[in-house]
Amino acid sequence: MTLKEHNKHTKLARPVSGNFGRNEWSIVGGPCTVIKLLAHDVIGALSPAYKCAYADTSHNDDITLVPGRLTNGAILDYTDQINYQQYNFQNPVMPYQLKQAFANADLVLVNGNHQQAKAQVVIIDINKRASLLKRVEQLTNVSLFLLADNSDEIFDFIQEAIPQWQDIPVYKLSEREKIISFFETNLKLSRPVLNGLVLAGGKSQRMGFDKSSVNWHGKPQKYYMADMLKPYCNEVFISCRPGPQSEIDPQYLALEDTFTGLGPFGAILSAFREKPNNAWLVIACDLPLMDEDTLRNLVAWRNSSSTATAYHSPVTNFPEPLIAIWEPKSYSILLSFLAQGYSCPRKVLINSEINLLNAPNPDALTNVNTPEDLEKIKRVIHQKTAAN
């Protein structure tokens, strides 16, 4: 291997992101007040369904709430203002810290006069022509043009800088409903693809043998569950431990745990490590009473703006993490819990904003961990089969 071929760092799949978040647009070309008012209107219209954020830089003449003065020598002050929380940082906020802070946002609007984003909305305003000309190199991914009242055509220098400018939609700045609809449509189109993950990498210590190989419905349970997920998912993977002892039938996709020793928590993290931009419908292999109605209901009521969509467990009275849809925004949350010494997926759900559902058939959430559980479920399945 030559020096050029040597790769010092492990190649990882990276989550899609801009300077702040997954879906971000800078609004550039208008006065800051106009940009703020536009962002205010868009966020106000979309906030009931989506988590929205705004990024800006304050002016010296801005009238703002006076921040709390940092405690002498402190790098951070945190103040609970009852209706909101306030953070004051002494040191510059690093780019990775900004992404962490905005990770939960479905939409980030940015004042493009001061900050940049991976996509842009350009206001065409005669009074800001010279200012926009200075920023023309920032127009790398223009999605929308907005004509101010004093303008009726796209500036010539923009036409020269953007060869396909005629393919970009043009609205009047006053057409708020159309602008809001533009963002709403883009958010719907960017909804993360849903993959399936069957958890079959456990050691089954309480059972005494591999639970994923039990034949409840004519085939090993891990394959039965994978087949159940296929109608609802783009791809379905079977999570397994590394090594030949966990070989998966080549007709099915296998996904080895790369966060070992963490149980289901590690399996979920391994899935996000492989495909961080997808959502994951995670299901344990030891749910022999799982039915189509329960899966269909979970997918139908999925809220991609939440950290996860999960069922309330009548047994534990908590969210059930192992029949749940985990959204991409949960990846960083899971990692932050791990960094603080926690590896319980249920604890993550309890302490996150989730979409909590009641299962149409609570018995479908019944799992099998011991030989005694197995015998009970055998009788239940036998009775159901006989009744049909």
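Residues numbered from 1 in each chain as written. Predicted model: local features only at pLDDT ≥ 70, side-chain atom pairs only at ≥ 80, totals over all residues. Heavy atoms only, no water.

As annotated in an unreviewed UniProt entry, the protein chain is Probable molybdenum cofactor guanylyltransferase from Mucilaginibacter sabulilitoris. UniProt's Catalytic activity (unreviewed entry) comment on the protein chain is quoted here verbatim: "Mo-molybdopterin + GTP + H(+) = Mo-molybdopterin guanine dinucleotide + diphosphate". We quote the UniProt Subcellular location (unreviewed entry) comment for the protein chain here in full: "Cytoplasm". (UniProt positions renumbered as here; feature names shortened; annotations may be inferred.)

A. Summary view of the packing of aromatic side chains. Tallied over the entire structure, the rule returns ten aromatic pairs. Note on F155 and F157: the rings are 5.5 Å apart at their centroids and 25° apart in plane angle, and the pair reads as stacked. Note on F155: relative accessible area 5%, which makes it buried. Residue class for F157 comes out buried when judged on its relative accessible area of 10%. On the numbers, 4.6 Å between centres and 25° between planes, the contact of Y223 with Y252 is stacked. Of this pair, Y223 sits in helix α6 (residues 221–229) while Y252 sits in the loop between β10 (236–240) and β11 (253–256), and the two are 29 residues apart along the sequence. Of the two residues examined, Y223 and Y252, each falls in the buried class. Members of the aromatic cluster, joined through ring pairs, are W25, F182 and F183. Over the aromatic face of F155 sits the side chain of R129, whose NZ or CZ is 5.1 Å from the ring centroid. (Phe/Tyr/Trp six-rings, centres within 6.5 Å; stacked < 30°, edge-to-face > 60°. Buried < 20%, exposed > 50% of the residue type's maximum accessible area, 1.4 Å probe, protein only. Helix = DSSP H or I, 4+ residues; strand = E, 2+ residues; numbered from the N terminus. Lys NZ or Arg CZ within 6 Å of the ring centre and 35° of its normal.)

B. Fine view of the environment of F237. By the secondary structure assignment, F237 is in strand β10. Overall, the relative accessible area of 8% leaves F237 in the buried class. Sequence separation between F237 and Y252 is 15 residues, and the spatial gap between their C-alpha atoms is 7.0 Å. Setting aside its immediate chain neighbours within four residues, F237 contacts N195, G196, L197, V198, L253, A254, L255, K275 and W280. (Contact = heavy atoms within 4.5 Å.)

C. Representation of helix α1 (residues 32–46) in the model. End to end, α1 covers 21 Å across 15 residues, agreeing with the expected 21 Å (1.5 Å per residue, within 8%). Of the positions making up α1, those classed as buried are C32, I35, L38, A39, V42, I43 and L46. Projected onto a plane normal to the axis of α1, the buried residues spread over an arc of 125° and lie on a single side. Residues of α1 that are exposed and point over 90 degrees away from its buried face: T33 and H40. Contacts made by the buried residues of α1 are with β1 (24–28), β2 (52–55), β5 (107–111), β6 (119–124), β7 (142–147) and α5 (176–189). (Expected span 1.5 Å × (residues − 1). Arc of directions from axis to C-beta.)

D. Region of interest: the confidence of the model for the protein chain. On average, residues of the protein chain score 88 in pLDDT, and 87% of them are at 70 or above. Confidence drops under pLDDT 50 across residues 62–66; counting only partners more than four residues distant or on other chains, this segment forms two contacts. (pLDDT = per-residue confidence, 0-100.)

E. Quick look at the UniProt feature "binding site: GTP" (unreviewed entry) in the protein chain. UniProt's entry tags L199, A200, G201, K211, D257 and D286 with the feature "binding site: GTP" (unreviewed entry), counted in the numbering of this structure. Following the sequence through the fold, L199 ends up in strand β9 (residues 194–199). L199 has contacts with S239, P264, A267, V282, I283, A284, C285 and L322, leaving out every residue within four places of it along the chain. Mapped onto the secondary structure, D257 falls in the loop between β11 and α7 (264–274).

F. Region of interest: unusual backbone geometry. A positive phi angle, near 70°, is found at I82, a position not held by glycine. Mapped onto the elements of the fold, I82 is located in the loop between β3 (76–80) and β4 (85–89). Judged by its relative accessible area of 71%, I82 is exposed. We note that N317 has phi near 65°; this positive angle belongs to a residue other than glycine. Relative to the helices and strands, N317 resides in the loop between β13 (308–312) and β14 (319–326).

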